[in-house]
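# Structural characterization, general
Single-letter residue listing:
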Amino acid sequence: MVGTVATTLIFSRPLDEAALAEARLIARRPRIQPEYFDVVIPPNIAPLNFRIEESGDQFVVRIHAVKGGAVEIVSRSPEIVIPPGAWRRLLMENRGNTLTIDVFVRREAAWWRYGSLKNRIAEEEIDSHIVYRRLRPDALYYRTIGIYQRDLESYRESAVLDGRWFGEGCVHCHAFQERNPARMSLNFRGRYGDGCLFAHDGQIHTLAARLGHAAWHPSGKVVAFSRFDIQLFYHTARMQTRDAMDSNSDLAYYRLDRRELKTVAAIADPFQLETQPSWSPDGRYLYFASAAKLWPDYVTFPSEYFSRLRYDLKRVRYDVEADRWGPVETVLSAEQTGKSNANPRVSPDGRFLLFTLCDHGNFALYQPESDLYVLNLEDGKYRKLECNSEFAESWHSWSSNGRWIVFSSKRPTGIFTRLYLAYLDSDGRAAKPFLLPQRDPGFYDDFLGLYTLPEFVDGPIAASPRALLSAVRDTNRVPVEDIFRMGPARSPSGHDRLRPE
Amino acid sequence: MTPAEVACEAQFRVGQERDRARVWLVQVVGLAFVWGYIWLVIDPRLIYDAFGIYLPYPECPLDAAFVRETCSRPGGPVDYVSALLSQGFYFPVLGSFVVAAVSGLLCLATNRLFFDMGWEGGWLLGLAPAVGIVAMYRTYQHPLAPLLALAACLWMTAVFQKLPTGIGGFVRVGRAVVFLVACVGLYWLAGTVCVLFGLLVGVWMACVKRRWLAAAAAVAASAVTPWLIGTRWYYMTATEAYCVIWPFGPGSWSDMEPLPLAILQGLFLFPLAMVGILGLRNLLPQGLQNRLTAFAWWRRPILGTVTSLATLALALWLVHVIVRAPHREVRFKMVHFARMREWEEVLQAARQLRSSGHDYFSQHLVNRALFHTRQLGDGMFAFSQDPSSLLLLSGDVPHAPPKFWMLSEIAWELGDLNLAEQWAFERLEAVGECPDALELLALISLRKGQTLTPSVLEQDLLASSRQTARMFLRRMRKNLLHRRHAEALLEAIERMPLKGSMWPGNGLPGLRCEDRTFQTCSEELMLENLLAANPGNQMAFEYLMAYYLLSRRPDRLVQHLPRVKDFGYREIPRHYEEAILIHGAGTATEPTIPGLSIRPETAQRFQRFAARFQASRNQPWLAAADLAEEFGDSYFYYHVFGVSGVGRAR
């Protein structure tokens with residue numbers, strides 16, 4: 001990396017323009033990695049550094065648009081590191097215009113010019129940060145799990161909370177109130193037990209509870225949670241070795257004003273598995289995935305049932321002021337799609353619902369067939385998004401202006417999850433997605449980590465790692481009852497028919 | 001000066017030079033002996049091969065991000081350097097040189113401290129750390145990081161004591177600032193040894209410089225440094241902050257067997273104790289000090305040298321004789337030979353251990369070696385056995401690095417790609433980026449791409465499996481020692497046709513074709529599936545038969561017996577015969593395999609066993625003791641008593 005930068009600087013001198021002008025044209029586009037062409041990019045994104053996968057001993061890249069001067073990189077290395085300042089100016093001046101990348105390669109003392117690579121610069125900016133979970137693939141005995149934030153306008157990545165800081169602990173299921181970095185919740189487990197952290201307006205408190213997926217109500221007064229018992233299992237002969245399903249799950253909600261965790265029958269039906277809550281932007285509905293429990297007991301679980309477990313997308317009305325829940329409505333059933341519908345996320349304008357369609361269950365990333373779909377909430381029609389691949393896609397999030405989505409995809413390896421950003425137009429049509437840029441163009445070549453659960457936020461996380469870690473270690477927590485023991489339809493043990501192994 | 005004085009001074013100088021030469025001679029000989037001993041007796045390659053299995057894996061990829069991350073925690077630089085030097089253990093001569101060099105650093109620094117405390121004659125005792133280090137390695141421990149941390153601490157102390165002294169306030173303030181910087185720097189560099197640094201400086205200040213206040217301040221400052229820096233800067237708890245590369249209190253370096261841990265703790269306490277004793281001596285009246293110093297009879301040239309060398313040799317001989325960890329030594333050898341695929345040597349090493357010395361992991365390696373030497377059906381009960389050790393799938397087997405390695409390897413050899421992948425990933429996460437785990441994952445990806453892909457999108461998935469393999473190999477390329485091998489494999493992938501026949505692992509037996517799901521894998525289900533997928537999978541067959549033997553189910557073994565002919569056996573393996581006889585005795589049947597029959601000697605042996613067992617069946621413990629001598633290596637004995645590998649067979 002250092003070598004690349006140095007090379008770029010050393011050879012950043014005026015070239016023999018005549019030689020370049022006489023470069024012979026190759027009637028195809030150059031091969032580059034990552035594939036940063038034909039994409040729509042935000043005007044405030046960090047430079048999309050790339051590697052030219054064509055043989056040559058010198059490389060010239062010219063990046064230009066309608067307005068402003070071109071950015072020119074001359075390098076002996078095929079790894080192209082774009083100067084951030086010039087890139088930023090070029091993008092900001094050319095919102096809505098086409099960005100052209102011309103690649104020249106010198107080979108055997110002659111210059112060759114490839115077909116231009118074109119991208120479009122969107123008018124709309126992207127939120128400045130994303131927060132995601134970073135871990136290693138398919139490990140039951142984890143050592144390195146952390147929640148990290150990444151500045152999209154630069155390459156700065158920093159840990160929000162790393163499990164290694166508290167004895168190889170686990171951190172998961174971070175959520176924000178409408179992309180507000182000052183209001184966050186995340187869960188942890190490990191040496192200090194299970195807990196759920198709430199960081200809001202400079203204060204942090206911890207709930208003594210084992211919780212899962214979280215969704216902040218837009219008002220910031222309530223956070224909906226799922227609580228689940230995961231069953232991990234393995235396939236004997238499938239590309240994706242690992243699989244998982246919930247053997248039990250319910251939803252509950254935490255009133256921040258009263259510091260009280262509650263649930264109601266509508267979202268904690270003992271005969272249903274409810275999970276993955278998500279609020280509508282107006283806060284009137286809680287969307288979630290729900291499936292009927294098919295099995296009578298744990299003895300036959302899961303081999304007979306796992307492939308038959310399919311989730312519906314449902315919603316339930318909620319009045320935050322009166323703390324009153326309405327009846328449950330089915331938004332999109334598994335019967336309609338013939339598959340399992342999971343992970344609903346409503347767009348900020350409330351028009352679209354982005355969700356994952358997979359063969360079974362709700363752990364979409366374990367199934368290569370998983371794809372992102374969009375449901376038009378106005379006409380009830382759903383369709384597959386254009387940004388899918390033959391590998392698993394899931395864990396999606398909307399930007400605050402509703403024009404960008406970030407999602408996890410297992411392309412191109414089928415094992416390692418990477419983050420992709422894609423532009424969505426006003427009709428909900430997605431442009432070709434592009435890989436989260438890194439300073440080192442070869443970063444993904446040997447990065448053995450995974451990225452999951454990316455969430456947009458409009459600034460760096462307000463709570464410091466020190467404060468979050470102190471809260472993890474602090475055993476003074478808000479005591480709450482286990483969700484599985486709540487609810488009117490429960491037996492005293494809390495488990496009507498199921499008991500986790 | 002008079003000529004007599006000049007002559008006297010010259011003679012004195014010659015004497016001094018001779019003394020110095022003698023000291024160097026003994027030290028160099030001592031360290032050379034350490035080098036030779038570690039090289040020839042301990043064999044650093046055994047330690048290298050146990051990394052990530054019985055010893056923590058010293059992870060040190062040549063990767064800027066990794067270095068940055070490692071160096072962003074206290075003790076990180078020493079950890080990284082230690083991991084880097086540990087790679088030298090791949091070459092025994094280099095690994096032993098590393099140990100000797102670290103011993104040298106510690107001994108010289110200890111001598112330096114003795115000298116600064118005014119004790120010039122203590123150089124022989126200064127070699128004690130080298131003896132301690134040999135003792136540590138004699139027990140097959142690898143405490144390179146704490147030893148480097150200790151060396152950094154002692155040298156930092158020695159350098160600090162050499163700083164200019166003065167009465168002026170500026171110099172004093174300057175020294176205080178240097179001390180604080182050194183303390184903080186040492187904490188970042190090497191961890192909690194900064195406390196030891198403060199204590200050593202404190203004793204020196206108090207006893208040599210007679211500056212009691214400064215001494216107390218130095219001790220206090222060093223004692224609070226871990227708390228201040230560790231908890232405030234590195235987000236650690238107070239306990240964690242005081243346990244960075246430190247053998248006292250909780251922490252990875254305290255997780256050793258008692259003897260090596262005591263030796264390591266002794267190595268850390270030794271300089272402090274000696275400096276303390278010397279400091280107390282300095283506080284004695286001058287006359288008494290002189291009388292004590294005059295006791296240095298070993299300064300006599302030839303006698304002194306011989307005595308010094310003899311003392312050193314005696315100390316090392318005592319270490320060699322007294323300090324031993326035979327169970328670790330044998331297990332390390334077994335792992336080494338298994339990695340080298342020298343299976344006869346694995347068995348030879350295993351025979352050095354008593355039955356009680358074997359654990360699940362050594363038993364597992366024994367069975368693997370028996371299979372590869374075609375003795376599994378004939379010789380497995382000559383060794384200690386446990387049903388859980390066959391495939392390590394049982395919940396009884398602790399989830400530990402040896403399991404991750406062994407299970408991923410055996411699953412790969414059996415052709416169970418998904419299981420191999422699952423445990424290789426576990427290993428990667430739990431142990432670190434071991435090159436062999438990365439290579440295995442790359443090979444699994446290639447093989448899965450070739451065999452598991454559906455016909456639809458086949459090309460894409462084949463390409464993706466290659467892409468995955470490349471990722472693992474590129475990561476492996478960042479390993480100093482395995483770089484070239486990784487590059488060769490990468491080149492091989494580029495050269496291979498997409499559906500070529502030269503794919504790695506093609507010589508392996510077939511994998512499971514039918515996709516099933518499981519939460520806890522059972523040996524029987526796994527092996528039967530593998531056999532169903534590929535009836536020619538001899539390893540799966542022999543392991544299945546071994547499983548039936550170990551789980552004392554001769555009826556199931558007899559059911560699968562006709563398959564023996566498919567694998568070209570010219571005679572029925574002895575343990576299968578024994579199981580047939582037991583089954584026959586219980587059911588009054590006699591299974592037959594056309595062309596193969598039970599050898600008469602096996603039948604006679606069974607008759608003898610049955611008769612003697614009947615004679616004392618009311619006293620099973622007596623029977624067990626009585627029959628062990630003759631039948632301790634037989635399936636008869638295991639089937640009845642659940643024990644094997646006892647008696648004459650050993």
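Please refer to the structure placed before this passage.
Residues numbered from 1 in each chain as written. Chains lettered and ligands numbered in written order. Predicted model: local features only at pLDDT ≥ 70, side-chain atom pairs only at ≥ 80, totals over all residues. Heavy atoms only, no water.

## Details of the packing of aromatic side chains
Scanning the model with the defined rule gives 53 aromatic pairs over all chains in all. Among the aromatic residues, those joined into a ring-pair cluster are Phe606, Phe609, Phe613, Phe631, Phe636, Tyr637 and Phe641 of chain B. The positively charged end of Arg315 of chain A is found above the aromatic ring belonging to Tyr285 of chain A, 3.8 Å away from the centroid. The side chain of Lys432 of chain A reaches across the aromatic face of Phe37 of chain A, ending 4.0 Å from its centre. (Phe/Tyr/Trp six-rings, centres within 6.5 Å; stacked < 30°, edge-to-face > 60°. Lys NZ or Arg CZ within 6 Å of the ring centre and 35° of its normal.)

## Notes on helix 17 (residues 360-372) of chain B
Residue and element names in this part refer to chain B. When the terminal C-alpha atoms of helix 17 are compared, their 19 Å separation across 13 residues agrees well with the 18 Å that a helix rising 1.5 Å per residue should span. Counting buried positions along helix 17 yields 11 of 13 residues, so the element is predominantly enclosed. Turning to helix 17, its buried residues number three or more, namely Phe361, Ser362, Gln363, His364, Leu365, Val366, Asn367, Arg368, Ala369, Leu370 and Phe371. Where helix 17 is buried, its residues touch helix 15 (326-340), helix 16 (343-351), helix 18 (376-379), helix 19 (401-414) and helix 25 (538-550). A positive backbone phi angle near 60° is found at Arg374, which sits one or two residues after helix 17. (Helix = DSSP H or I, 4+ residues; strand = E, 2+ residues; numbered from the N terminus. Expected span 1.5 Å × (residues − 1). Buried < 20%, exposed > 50% of the residue type's maximum accessible area, 1.4 Å probe, protein only. Contact = heavy atoms within 4.5 Å.)

## Things to note about the interface of chain A and chain B
Tallying the contact residues gives 44 residues for chain A and 46 residues for chain B. Buried area between chain A and chain B, summed over both chains or domains, comes out near 4100 Å², and the portion from carbon and sulfur atoms is 53%. When the buried area of chain A at its contact with chain B is split by residue, Tyr141, Thr236 and Met239 of chain A rank highest and sum to 19% of it. Viewed at the interface, chain B and chain A are joined by eight salt bridges. The interface formed by chain A and chain B includes 17 residue pairs in polar contact (both at pLDDT 80 or more). Listing elements by their share of the side of chain A that touches chain B, those giving two or more residues are strand 19 (222-235) and helix 5 (465-473) of chain A. For the side of chain A that touches chain B, the leading source of residues is strand 19 of chain A, giving five residues. Within the side of chain A that touches chain B, the residues separate by chemical class into 24 nonpolar, seven polar and 13 charged. (Buried area = accessible area lost by both parts, 1.4 Å probe. Salt bridge = Lys/Arg side-chain N within 4 Å of Asp/Glu carboxyl O. Polar contact = N/O pair within 3.5 Å; in protein donor to acceptor, adjacent residues only side chain to side chain. Nonpolar A, V, L, I, M, F, W, Y, C, P; charged D, E, K, R; others polar.)

## Quick look at the sheet that holds strand 26 (residues 340-346) of chain A
All names here are of chain A. Read from one edge of the open sheet, four strands run 26-27-28-29, paired in antiparallel fashion. At either end of the open sheet lies a strand with only one pairing partner, and these are strand 26 and strand 29 (382-384). Neighbour-to-neighbour, the strand axes of the sheet open up by a mean angle of 30°, direction not taken into account. Relative to strand 27 (residues 352-358), strand 26 runs antiparallel, the two sharing five bridges. Counted as the bridge partner of Val346 is Leu353 from strand 27. (Pairing = 2+ DSSP bridges. Axes fitted to C-alpha atoms, helices over the stretch in contact; angles between N-to-C directions.)

## Description of empty space enclosed by the protein
In this approach a probe as big as a water molecule rolls over the atoms, and the regions it shows empty are the leftover space. All names here are of chain A. Counted according to the given criterion, the structure contains seven cavities of 30 Å³ or more. Estimated volume of the largest cavity: approximately 380 Å³. For the largest cavity, the lining is made up of 21 residues, of which Phe176, Arg179, Ser278, Trp279 and Arg345 are closest to its centre. Listed by contribution, the elements that provide at least two residues to the lining of the largest cavity are strand 14 (170-177), strand 18 (214-216), strand 22 (272-279), strand 26, strand 30 (393-398) and strand 34 (450-457). Considered class by class, the residues forming the lining of the largest cavity number 13 nonpolar, four polar and four charged. Of the pockets and cavities examined, the second largest cavity occupies roughly 90 Å³. Within the residue set of the lining of the second largest cavity, elements represented by two or more residues are strand 14, strand 22, strand 26 and strand 34. Within the lining of the second largest cavity, the residues separate by chemical class into six nonpolar, five polar and two charged. (1 Å grid on protein atoms, 1.4 Å probe; cavity = no way out; pocket = protein on both sides within 12 Å on 5 of 7 lines; lining within 4 Å. Points joined across faces, edges and corners; volume = space filled by probe spheres on them.)

## Observations regarding the pattern of salt bridges
The tally for this structure, following the rule as stated, stands at 70 salt bridges over all chains. When the shortest N-O distance is used, the salt bridge between Glu329 of chain A and Arg315 of chain A registers 3.2 Å. One end of the pair, Glu329 of chain A, is in strand 25 (residues 324-332); the other, Arg315 of chain A, is in strand 24 (residues 312-319), with 14 residues separating them in the sequence. When salt bridges with common partners are traced through the structure, they connect Arg136 and Asp446 of chain A together with Asp63, Glu429, Glu433, Arg475 and Lys478 of chain B into a single cluster.

## With respect to the packing of helix 7 (residues 144-162) of chain B against helix 9 (residues 193-207) of chain B
Residues and elements named next belong to chain B. The N-to-C vectors of helix 7 and helix 9 enclose an angle of 30°; their axes lie 9 Å apart at closest approach. The two elements helix 7 and helix 9 meet at a crossing, and its hand is right-handed. Only Val193, Leu196, Phe197, Leu200, Val201, Trp204 and Met205 of helix 9 make contact with helix 7, whose side of the interface consists of Ala149, Leu150, Cys153, Leu154, Met156, Thr157, Phe160 and Gln161. Tallied by class, the residues present in the contact of helix 7 with helix 9 amount to 13 nonpolar, two polar and no charged. (Left-handed = near helix turned anticlockwise from the far one by under 90°.)

## Thoughts on the pairing of strand 14 of chain A
All names here are of chain A. Burial analysis of strand 14 places eight of its eight residues in the buried class, the great majority of the element. Here strand 14 runs beside strand 15 (residues 180-189); their pairing, made up of six bridges, is antiparallel. By the bridge assignment, Val171 is partnered in strand 15 with Phe188.

## Section: the sheet that holds strand 7 (residues 79-80) of chain A
All names here are of chain A. Spatially, 2-4-7 is the arrangement adopted by the three strands of the open sheet, whose pairing is antiparallel. The strands lining the two open edges of the sheet, one partner per strand, are strand 2 (32-33) and strand 7. Bridging between strand 2 and strand 4 (residues 50-52) involves two bridges; their strand directions are antiparallel. From the neighbouring strand, Gln33 faces strand 4, where its bridge partner is Arg51.

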